Amino acid sequence: MSIEGKLKLNDKKRQFPIFLSIFSNLKMYLSLQEAFDCAFHHKFSFNDFITLNAEQECQKLGQKIFSPSPKFKKYLQFLNKYIFDYAKINENVVYSYRQDKSPFDAVARHANNKYFFQTDIKDFFSSINANDVEIVIDKNLNATPISDIRDYKNQLLRLTTIQDRLPIGFPTSPNISNTCLFPFDNEIEDFCIDRGITYTRYSDDIILSSNDKDILAPARDFVVNKLMFFYGERIEINHKKTKFTHKGGKIKLLGLVILPSGKVSVDMKMKSHLEILLHFYINDREKYADYLKNNYDGDPAKISGQLNYINAIDNSYLDKLRKKYGNFIVDIFYHQAIK
């Protein structure tokens, strides 16, 4: 029986999230095919979906970067929305790839501390293999409303990995990467809670901070050991980007800075580029064009993105730009109205 029949609803134009909500409330479940047919209104073949060859449906943009075809991208977005969005993550510490979270949120947790340990995971996505994805499917998808999800494990692995690795560029890769680190995040959080340490992770960036230098000292070895425990030698920290810092020096995290006052703001380098560019725009359009090309790839939309980013993090700086360069000038960049 179709999902519409089960719900006694004949309106095939209803959006799938509505069905999903109803099923969740009634503790009912869909088969993967029911979910697929309902989501795409039979515009795509379920058989095509489960037999699709991922590698043939991608354009390779770099050694580890793949761009899925428009059809394949829709399939991956379907998997993301109705399967991998339900995978477990530690919401207390993970801020990456979440609709309501940003780098600012991850950094703000550390703003009142004095000592910082930061590192990142080397080749994060490509260090995750098909076995890791299989564990996600087996252990971390209990909340999904898809009743037969594990019957399609092989197909899911084939669709979400290429050459046994998690590819950069797939819509499903961010969610899967977050969930793969679920046990690691839990262990690090427990370690930090016991010692009064703050821990956040944004994708491959790991940040721990404290007001006690000695308490934070074992952090590096603990992180290294837990990665080894859960993932062997496949997933390891990038030693070149691993460091301890403290207030009094420059505290730069995820492209943001923590000022001595504890305020989180935008890095001075970004501010400097913006002010030079605005100055040239007002005073010398030829220099403006050269600066735009050399620092923003000639794309004014990147300036708009930075201004919107700044507004979300430190709108007092945007007010400063308005006073210095004028509301009109700032607004035409902010709203991408540059001619």
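Residues numbered from 1 in each chain as written. Predicted model: local features only at pLDDT ≥ 70, side-chain atom pairs only at ≥ 80, totals over all residues. Heavy atoms only, no water.

## Here we look at helix α8 (residues 130–139)
And then number 1: For α8, the complete set of buried residues consists of Ala-130, Asp-132, Val-133, Val-136 and Ile-137. Projection of α8 onto a plane perpendicular to its axis shows the buried side chains occupying an angular sector of 160°, all on one side.
And then number 2: Where α8 is buried, its residues contact α7 (124–127), α9 (153–160), α10 (173–180) and α13 (219–231).
And then number 3: Here α8 starts with a cap whose side-chain oxygen sits 3.0 Å from the backbone nitrogen of Asn-131, and that cap is Asn-129. (Buried < 20%, exposed > 50% of the residue type's maximum accessible area, 1.4 Å probe, protein only. Helix = DSSP H or I, 4+ residues; strand = E, 2+ residues; numbered from the N terminus. Arc of directions from axis to C-beta. Contact = heavy atoms within 4.5 Å. Polar contact = N/O pair within 3.5 Å; in protein donor to acceptor, adjacent residues only side chain to side chain.)

## Notes on the packing of α10 against helix α11 (residues 182–195)
And then number 1: Relative orientation of the contacting elements α10 and α11 amounts to 45°, with a least axis distance of 5 Å. The orientation of α10 with respect to α11, classified from their angle, is oblique. Counting all contacts with α10, which are made through Asn-178, Thr-179 and Cys-180, the residues of α11 involved are Phe-182, Pro-183 and Asp-185. (Axes fitted to C-alpha atoms, helices over the stretch in contact; angles between N-to-C directions. Parallel < 35°, antiparallel > 145°, perpendicular 65-115°, else oblique.)

## Thoughts on the sheet that holds strand β6 (residues 243–246)
And then number 1: Spatial ordering of the open sheet is given by β4-β5-β3-β6, a layout of 4 strands whose pairing is antiparallel. The sheet is open, and its two borders are formed by β4 (198–202) and β6, each paired with just one other strand. Neighbouring strand axes in the sheet, compared pairwise and without regard to direction, differ in orientation by 20° on average.
And then number 2: Where α11 meets the sheet, its contacts fall on β4 and β5 (205–210), and the angle it forms with β4 comes to roughly 155°. (Pairing = 2+ DSSP bridges.)

## Section: the pattern of salt bridges
And then number 1: For the structure shown, the criterion picks out 13 salt bridges.
And then number 2: Between Lys-153 and Glu-134 there is a salt bridge; the shortest N-O distance is 3.1 Å. Here Lys-153, found in helix α9, pairs with Glu-134, found in helix α8; they are 19 residues apart in sequence, far enough to count as distant.
And then number 3: Relative accessible area serves as the criterion here: at 25%, Glu-134 is assigned to the partly exposed category.
And then number 4: A salt bridge links Asp-331 to Arg-322, with the shortest nitrogen-to-oxygen separation between them at 2.5 Å.
And then number 5: Each of Glu-134, Asp-138 and Lys-153 takes part in one network of salt bridges that share partners. (Salt bridge = Lys/Arg side-chain N within 4 Å of Asp/Glu carboxyl O.)

## Considering the packing of aromatic side chains
And then number 1: All told, the structure shown has 25 aromatic pairs when counted by the stated rule.
And then number 2: For the pair Phe-36 and Phe-78, a centre-to-centre distance of 5.6 Å together with 90° between the ring planes defines the contact as edge-to-face. One end of the pair, Phe-36, is in helix α3 (residues 32–40); the other, Phe-78, is in helix α5 (residues 70–82), with 42 residues separating them in the sequence.
And then number 3: A relative accessible area of 3% means that Phe-78 is categorised as buried.
And then number 4: Plain terms: the ring middles of Phe-46 and Phe-49 are 5.8 Å apart, the flat faces sit at 50° to each other, and that makes the pair tilted. (Phe/Tyr/Trp six-rings, centres within 6.5 Å; stacked < 30°, edge-to-face > 60°.)

## Description of the confidence of the model for the protein
And then number 1: Predicted confidence across the protein gives a mean pLDDT of 88, with 91% of residues reaching 70 or more.
And then number 2: For the protein, the element scoring lowest by mean pLDDT is helix α1 (residues 3–7), at 38; β5 scores highest, at 98.
And then number 3: Ignoring residues within four places in sequence, the model shows residues 1–16, a span with pLDDT below 50, making 28 contacts including any to other chains.
And then number 4: Of the regions scoring below 50 in pLDDT, residues 21–27 engages in 7 contacts with residues more than four places distant in sequence or in other chains. (pLDDT = per-residue confidence, 0-100.)

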